[in-house]
Every structure is written in structure tokens, then in C-alpha cells.
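Results of the structural survey
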Amino acid sequence: MREAEGQLLPVYLLADESGSMDEYVGNLNAGMRSLHMALLREPMAAAKIRFSVLGFANSVTERLALADLRDEAELPRLSAYGGTNYEAAFDDLRTRIPRDVRTLKAQGYRVHRPAVFFLSDGLPNNGGDWREAHRRLTDRAQTPAAPNIVSFGIGSVDAATVLAVATGPDYAYVSVPGADLGNCIAGFFSSLTKSVVESGNSMVAGAPTLTVAPPEGFVMAIDEV
Amino acid sequence: MGTPEQGWWGVLLGLLPHGGRKRDGSAAWEEGVWRASEERSPQVPHPPSHPSPPPGREPRTPPEDRRPSGRGLPGPARGERPALGPARHPAPAGAPTTGAPPPGPEDPAAWADAATGPPEPGRVPAPSGEATGAPWAPGPTGPETGRPGPGTPGRPGHLPGSDGPPPAQPATDPWATAPGNRRTDPGRPGPRGDLPGSGGPGAAAREGLPAWDGPAGGAPSGAGPSRPSGAVPPVRPPAGAEPWEPSGPGRWERIVAGRPTAVFEAKPPPSDPYRPDTFCDGWSAAGLTVRLASVRGDAHRHAGVPRQDDGVVTWHRATGTVVFAVADGVSSAVTSHVGSTLACRTAVNDVLAQLDLGRPEPDWTRVLAAAAFQLVMRITGGRQPDDAEEMAAARQAASRDLATTLVAGIARVDGSGGVRGRLVRVGDSSAWTLEDGRFRELFADGEEDDELISTSHVRPLPWYPQPAEPVSFRLPPLGTLLVGTDGFGVPLGGGTGPVGELFRVLREPPARPGVLADLLDFSRETFDDDRTLLALWPRHRLPGGLS
């Protein structure tokens, strides 16, 4: 057994970039900046995170891959276009995550179970059977590096769908009906930041790898089903 | 058991004469009673047999200085939670003097007995001179050569290190208190191999473990024997040694292994119970040298969380045995720092009690049961659960609040200048030998090599394996035993990187215990868990021929 270079938690932000998000792209990018600033103030936690940003619409666009946020001058900007293809998103992760884990292991790191923070504002309206792609991604027998998925639905999203995307009922949140979506996105990024920091700080101390901070302006999806 | 006031606390405080007796007044420690109880509860794994003390033999009461640190803590008032020191208190004369077997969950009374250890209440002081054996006499080859000492032969008066002031002597060095051996110069090294030896309850040959026969055929003791004072000339700093300068280069720098972690000032932990950021300990007894350190991890320093690791090391003089425990409180348990302390102290006390009874080797299942039960009693405030349901609830609460890993073990010198011992564990704390620059994990299971995803999942106390599965080790004369939590074990890995390089210096003991604490507090990015490490050597490895 070689000596580990370090201990890492790969974190993926999988953000809906479909056309319906166009009005809130500014909120998304503001949230990204606040996340970056917050992690720069938490260098010990940030050292243990490798952060990837993926936008999905009709297909998946890689905005950032396995980045040490302490080394990034600024985070990429998201945009909005096209439809909402969950199947493409989950298929991409099923290829990407095992590859990333192998890469980090080859670099000598101990890798904890990856975490995906999924944000969408509507039902999938493009692509095939996303549930089968999701099952393949999250089945640890098929995908040993299967991630934990924390799912956030805003706007006209269906609570049952948000719950089905998450890998546990505690990992599924929907925005409060009628809430301002800009505030919801801010709440999402606040939760993401806290979760990343807390997970980074606790992941080597015998605690669960992923800690999720409840977002403001959201309720548990399981309560809305 | 009688009234609630007379329950566990009665036993704990030594207030009841019946000690380890069950509700019906029968002696819980009687083999037949225990086995009958087990047969009624097939779901409880049967503990191994529990040797009784030889007929007519009374367990001994060790001198106070043989006890681990927690034993001196005052007991709590009834109704309060027990203090961090495990239960082990004297009882009135007439209390039972034989050890209770490990309890089963269905038998709270028996659990309490195990948790408090075999009846310390019944321990009686050893007759004067018995524990110390024959008066001191040099071994056949003289005090300087009586113990095999490859690599570091002793030289009387030789300076312990040549680049600084002489190291301080361990506070509990037997020579420091031996009658007729008052030092005038605390930095002066003594001769090696001149400690007296004796038999004692554990002196008979033991299966798998060496009986104490002393480096020169004498008894390990600091009480009875004496040797001429002034036999060794005082140590003076070496000529040309650099004077200590606080502004010297790197004087206060933290040791770095690879890429350092961020620099920050630690936040204070909660004030009650007091939990120092770092502690260290160290001494040499007959034939063995130990150093122990525990440091709060950077993650906990940054968050103002107490150090959740703990460790205990002590010396069972009569059998020449080092007894130790190291524990890592599980972060998700809110008061796991209390749990790790209770587990360490209870486990060590139970081993000491079993050694007092003359058992050839501790019943390790009982040791783990005692530690687990101590956690449960912390939850119930010392009150015996009334039934299995209440016991199960208390265990669940202990898992939630006090969960901790544990490694406990013993070590003795063998006749060839090496060390033999046995270890048992719950959770992912571990032990290694360091020989010829290579680290070998004693509990290695090979899982990590095959895992794509690393997990921090452990199954800690109050759960424990039944029966316990101790592992044995044999340390050669030039070897080092390391026992540590995963805060040390994870960054060490296979010991082939910078952390292994750093700790390879432990091929011989540092002159001062504080050196181990400093070493253990190395800075390495992303490795910010608490770290606890016990290191043990044959005593002849002391640097510079110090003894």
C-alpha cells in the first residue's frame, strides 16, 4: 500500500442550462462566484475538494473538471439553451466519474465517494429513459464509484422526479411554491457551499463523507410527494 | 442487586460487600453460574474460559503509581454521571477476590462486574518485598551488559546526544525514586540492565508471551533494591554544544511532510471536560521504553472541537508488562472524546486487574466487554438497565454519543532482548512494527489496496467482536512497536512516502516524550484528523546509552 498523497472528495455541480433557466443565468453565475470566494476562505476544506462544473441541456457541457478551487482565478460562467435531457446528464456522469476517480487514484490520492449536486427547474423533456441511465449510474455493483446525488428542484419541477434523482430521501429538496427563483438559486449555492466545506472538514474523521446543509427556501421533496 | 442506590454504583464505589454477585446472591464469577447463564441466552456469543486465580491466592493491590491516570479521579455522586476514570475502587474487607467473567448483555449484573474489572475491591497489598522480589544484584555479565543490546551499547556517562543539552529524564523513571538512588543531576544517564527482577503472579511461562525473567535475572521494581549512588559521573553538556537560541532557524517551525496545510490559530474546545490539545508521556521500565503522544487534528483545531483521540500506557510491575490502549472517538458521536477516554482507561484497568489475578494472559473479550459496558454506564448514569430492552436502548445511545475505536494490548521483554505482546482492536485504529526501516501493519486486512472508493466507515465500541481476536507480535531487539489511530495510520499508508520517512526516525526512542508529540503534529495537506501514537522499544535502544 503506497502512502497517500492526500484525501479527496470529488464534487460535481450538475446544473440545468435549459432555455427556461435563461432568466436566472445571472443568479447562477453569482452563486458560482460566492461559492468560489467561500472556499478560498476555507483552504483546509478546499484542499480536499476537486470541483467539476457540468451544464446540461440537450447534452452535457464540461465547464470545469477536477479543479482545486484554490488554484482557480475565477469559475466558469453558465448559460441557458435547449431542452432538458436527464439521460444525457446521467450517462455522462457514468463515464466521467469512474474515469476521474481512476485518475485521482493514479495520482496517489485516497478518494472518497463522489458527490453530485443536481439543480433543475423542470421536468426532462428531451432524450430517452433517464431512469435507466440513473439506475446504472447509482448502482454500486455496476458502478463502484457511484456518486451520492443531492437533488434540488426549483420552479415548476416535479417533487417525485427530484426525489427519484436523489440517492436518498434526505438528499432531495424542492423550492417552496411561489418562491422567487433567484433567491432559490442563492439558497442552493449557499447550501452547496456549506455542504462542501463541512464535507471537506469531516471526511477524514469517521463521519459520513457527505454532509448536506438544508437550503433556505426549500423543503424536503419527500414531504411534497 | 438491591435498591437502585445499591446497584452498579454500589459495586463501583465499593460500598457493597457482595461485589460481583448477581441478583440472587450467587457468585456471578463462578464458572458454572456463568456458563448456565450463557446457555440460556444462545444469542450471546460465549466468552472464552476464564481462568480462576490459583486456590488460596489473593489478587494483589498494586501500588498507586501502577495505576493509569484515570484511576485517581474522584468518583461521582450517586445519580451523577461517572467521572472519566473507569470504575475501579476499593471495597471493604470480605469482598470477593476472584475475577468475574465477561458479562453478557442479558445479564446486567455481570456486565457491571466486568465493567468495573475484577474485584479491585478484593485486591490486597502484596506483602512487602513480594512484588519487588530479590534485592538488586547485577546480572551475570554486569549491569551494563546484562541485556542484549545490539546496535546501541551503553556507555556509562556517555552524553545522550551531542547537539544540545542533555534530555530530561522521564518523570517516572524507576531510578528517579529508587531508594538510595537520588539523583543530583536529572540529566545523568544511569547504567543499563541493572534493574532488579523477580517472579510475581505472572512470572510463570506463558503461552505465546514471555514471562518476565529480567534482563539480568532480577525483578522489575523501583521500590526495594538500591545501588550505590554516585556510581555514574554527572553528565555535562558536550564541549562546543550550541547554546539554545529561541530565534534559531526553524526553532519553532512545525514539521512538514510534503505540502503543508494552511496555517491558522486553533479555536478552544468546549471547557468541560477539560481536554488539552496535546499530551505526551514516556518512561522506561525494566526492559522497555515507551513514548505516547496524542495531538488534536487541524480540522478539530479549526472548528473548536476537542481532541477525540486518547491513549493510556502504564506498567504492571509485578509481571513486567506494559499495558496500553489507544482510542479514536468517532466524529459523528457528539461526545466521542469522552468515549475514547473511558474506553482506554477501562480497558487498561481491566487488563491490569486480570494480570493481578495471575492470569497467564488477559481474557481479551472481557477487556472489550468492560470498555463497552463503561460506555453504556455513562449513558445510564451508572444505573443498571432493568431489562434487555432498556439495555439495548442504552447501547444505541452509547453508539450515538460515545462511539470510539480501541486498540488495547500488552508487551513484555523476552529472553532474547526483543519484545512479545498481544493486541486486540475494535474499529480502524491499528498497530505496526518498524523493522529495518519497514512498517508492517499487524492488523493488515488488505482491503484498502482493492478499494476504489475509500470509506471512513468503522464499527466502533460499544459494539465489539465476540470472541475477541487478538493478534500477537514479536519485536526483535532492534524493532519498534507503533500503536496508533487512523490519524497516523492513514497518512502513513505503507510508509513509503514522506510520512514514513519522517517516522522512520522512531527506529530508536526520542530522548524526550515531547519529541514524539512534535513529530506526530506534522503538517501535511488534507490529513487533519486527530493523531495518537504509542511507540515502544526494548529499553536498550535508548539513545546514547541512556538507561
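Our subject in this report is the structure included herewith. Everything quoted here is computed from the prediction, not taken from an experiment.

Here we look at the interface of chain B and chain A
At the junction of the two partners, chain B supplies 38 residues and chain A supplies 32 residues. Both faces considered, chain B and chain A share a buried interface measuring about 2,700 Å² in area, 52% of it formed by carbon and sulfur atoms. The tally of links between chain B and chain A comes to two salt bridges. Close ionic contact of Asp528 of chain B with Lys48 of chain A constitutes a salt bridge, the shortest N to O distance being 2.7 Å. The interface formed by chain B and chain A contains eight residue pairs in polar contact (both at pLDDT 80 or more). Secondary-structure elements contributing two or more residues to the side of chain B that touches chain A are helix 5 (298-303), helix 9 (447-450), helix 10 (486-492) and helix 11 (498-503) of chain B. The class makeup of the residues in the side of chain B that touches chain A is twelve nonpolar, 15 polar and eleven charged.

Notes on the nonpolar core
In this structure, Leu13, Phe51, Phe117, Phe188, Phe189 and Leu192 of chain A are the most contacted members of the largest nonpolar core, which totals 46 residues. Looking at this core element by element, the count peaks at eight residues for helix 6 (residues 181-202) of chain A. Ignoring sequence-local partners within four residues, the contact set of Leu192 of chain A consists of Leu13, Leu35, Phe51 and Phe117 of chain A. Among the nonpolar cores identified, the runner-up in size contains 37 residues, and Ala325, Val338, Ala372 and Val424 of chain B belong to it.

Structural notes on the sheet that holds strand 11 (residues 471-475) of chain B
Residues and elements named next belong to chain B. Reading across the sheet, the five strands line up as 5-6-7-8-11 and stay open at both edges, with antiparallel pairing between neighbours. Every interior strand has two partners, whereas the edge strands, strand 5 (309-316) and strand 11, have only one. Each neighbouring strand pair of the sheet contributes to a mean axis angle of 15°, computed without reference to strand direction. With eight bridges connecting them, strand 5 and strand 6 (residues 321-328) associate as antiparallel partners. Note on strand 6: the bridge partner recorded for Gly311 is Val326. Contacts from helix 6 (residues 336-356) reach strand 5, strand 6 and strand 7 (406-413) within the one sheet, and its direction differs from that of strand 5 by about 15°.

Observations concerning helix 3 (residues 86-106) of chain A
Residues and elements named next belong to chain A. The terminal C-alpha atoms of helix 3, which comprises 21 residues, lie 30 Å apart, in line with the 30 Å expected from a rise of 1.5 Å per residue. Looking only at helix 3, the buried set comprises Tyr86, Ala89, Phe90, Leu93, Arg96, Ile97, Pro98, Asp100, Val101 and Leu104. Two to three positions downstream of the cap, the backbone nitrogen of Glu87 sits 3.1 Å from a side-chain oxygen, assigning the N-cap of helix 3 to Asn85. Once helix 3 ends, the next one or two residues include Gly108, with phi positive near 95°.

Focus on the packing of aromatic side chains
All names here are of chain A. Counted by the stated rule, this structure contains 15 aromatic pairs over all chains. On the numbers, 5.5 Å between centres and 20° between planes, the contact of Phe56 with Phe118 is stacked. One end of the pair, Phe56, is in strand 2 (residues 49-56); the other, Phe118, is in strand 5 (residues 115-120), with 62 residues separating them in the sequence. Side by side, Phe56 and Phe118 carry an identical accessibility label, which is buried. Between Phe152 and Phe188, the aromatic rings sit 4.7 Å apart at their centres with planes inclined by 80°, giving edge-to-face as the arrangement. Placement of the pair is Phe152 in strand 6 (residues 148-153) and Phe188 in helix 6, with a sequence separation of 36 residues. Comparing Phe152 with Phe188 shows no difference in burial state: the two are buried. Grouping aromatic residues by their ring pairs yields a cluster made of Phe117, Phe152, Tyr173, Phe188, Phe189 and Phe218.

A look at helix 1 (residues 25-40) of chain A
Residues and elements named next belong to chain A. Taking 1.5 Å per residue as the helical rise, helix 1 with its 16 residues ought to reach 22 Å, and the 23 Å between its terminal C-alpha atoms agrees with that figure. Of all the positions in helix 1, only Val25, Leu28, Asn29, Gly31, Met32, Leu35, His36, Ala38 and Leu39 are classed as buried. For helix 1, the elements touching its buried residues are strand 1 (6-16), helix 2 (43-46), strand 2, strand 5 and helix 6.

Things to note about the pattern of salt bridges
Applying the stated criterion across every chain yields a total of 28 salt bridges over all chains. Residue Arg136 of chain A pairs with Asp91 of chain A through a salt bridge whose shortest N-O separation is 3.2 Å. With a gap of 45 residues between them, Arg136 of chain A in helix 4 (residues 130-138) and Asp91 of chain A in helix 3 connect regions that are remote in the sequence. In this structure, Asp277 of chain B and Arg296 of chain B form a salt bridge, with 3.0 Å as the shortest nitrogen-oxygen distance. Taken as a pair, Asp277 of chain B in the loop between helix 4 (174-177) and strand 3 (278-285) and Arg296 of chain B in the loop between strand 4 (288-295) and helix 5 lie far apart in primary sequence, 19 residues in all. Judged by its relative accessible area of 25%, Asp277 of chain B falls in the partly exposed class. When salt bridges with common partners are traced through the structure, they connect Arg254, Asp277, Arg296, Asp298, Arg301 and Asp521 of chain B into a single cluster.

So, the packing of helix 7 (residues 364-380) of chain B against helix 8 (residues 388-402) of chain B
Residue and element names in this part refer to chain B. Running from N to C, helix 7 and helix 8 point in directions that differ by 100°, and their axes come no closer than 8 Å. Considering their axes alone, helix 7 and helix 8 lie roughly perpendicular with respect to each other. Side by side, helix 7 and helix 8 meet where Phe373, Leu375, Val376, Arg378, Ile379 and Thr380 of the first sit next to Met391, Ala394, Arg395, Ala397, Ala398, Asp401 and Leu402 of the second. Considering only residue class, the contact of helix 7 with helix 8 consists of nine nonpolar, one polar and three charged.

Concerning the sheet that holds strand 13 (residues 531-538) of chain B
Pairing between sheet strands relies on hydrogen bonds along the backbone, with the strands arranged either parallel or antiparallel. All names here are of chain B. Read from one edge of the open sheet, six strands run 3-4-13-12-9-10, paired in antiparallel fashion. Every other strand in the sheet has two partners, leaving strand 3 and strand 10 (438-441) as the edge strands with one partner each. Between one strand axis and the next, the sheet turns through 15° on average, direction left out of account. Across four bridges, the pairing between strand 9 (residues 430-435) and strand 10 is antiparallel. Bridge pairing in strand 10 links Leu434 to Phe439.

A word on the environment of Asp309 of chain B
Residue and element names in this part refer to chain B. Take Asp309: it is sitting in strand 5. Given the relative accessible area of 0%, Asp309 is considered buried. Taking the C-alpha atoms as reference points, Asp309 and Gly484, separated by 175 residues in sequence, lie 9.6 Å from one another. Setting aside anything within four residues of it in sequence, one finds Asp309 in contact with Arg275, Ser294, Ala327, Asp328, Gly329, Ser340, Thr485, Asp530, Arg531 and Thr532.

Brief notes about the pairing of strand 4 of chain B
Residues and elements named next belong to chain B. Buried residues dominate strand 4, accounting for eight of its eight residues. Residue alternation in strand 4 divides its side chains into two sets, Leu288, Val290, Leu292 and Ser294 and Thr289, Arg291, Ala293 and Val295, and both sets are buried. Note that strand 3 and strand 4 share eight bridges and pair antiparallel. Note on strand 4: the bridge partner recorded for Cys280 is Ala293. In textbook terms, the turn of a hairpin is the stretch between consecutive antiparallel strands, and for strand 3 and strand 4 this stretch comprises two residues, one of which, Gly287, has a positive phi near 85°. Across eight bridges, the pairing between strand 4 and strand 13 is antiparallel. Of the residues in strand 13, the one forming a bridge with Leu288 is Pro538.

Some thoughts on unusual backbone geometry
Residues and elements named next belong to chain B. Across the junction of Asp272 and Pro273, the peptide omega takes the value 0°, indicating a cis bond. Looking at the secondary structure, you find Pro273 in the loop between helix 4 and strand 3. Along the chain, Leu461 connects to Pro462 via a cis peptide bond; the corresponding omega equals 15°. The topology assignment puts Pro462 in the loop between helix 9 and strand 11. Positive phi outside glycine occurs at Asp436, with the angle close to 50°. Mapped onto the fold, Asp436 is located in the loop between strand 9 and strand 10. The class of Asp436 is exposed, set by a relative accessible area of 70%. Despite not being glycine, Thr526 shows a phi value in the positive range, around 75°.

What counts and what doesn't
Residues numbered from 1 in each chain as written. Chains lettered and ligands numbered in written order. Predicted model: local features only at pLDDT ≥ 70, side-chain atom pairs only at ≥ 80, totals over all residues. Heavy atoms only, no water. Contact = heavy atoms within 4.5 Å. Buried area = accessible area lost by both parts, 1.4 Å probe. Salt bridge = Lys/Arg side-chain N within 4 Å of Asp/Glu carboxyl O. Polar contact = N/O pair within 3.5 Å; in protein donor to acceptor, adjacent residues only side chain to side chain. Helix = DSSP H or I, 4+ residues; strand = E, 2+ residues; numbered from the N terminus. Nonpolar A, V, L, I, M, F, W, Y, C, P; charged D, E, K, R; others polar. Core = buried A, V, L, I, M, F, W, Y, C linked by side-chain atoms within 4.5 Å. Buried < 20%, exposed > 50% of the residue type's maximum accessible area, 1.4 Å probe, protein only. Pairing = 2+ DSSP bridges. Axes fitted to C-alpha atoms, helices over the stretch in contact; angles between N-to-C directions. Expected span 1.5 Å × (residues − 1). Phe/Tyr/Trp six-rings, centres within 6.5 Å; stacked < 30°, edge-to-face > 60°. Parallel < 35°, antiparallel > 145°, perpendicular 65-115°, else oblique.

Coordinates in, geometry out; function isn't part of it.
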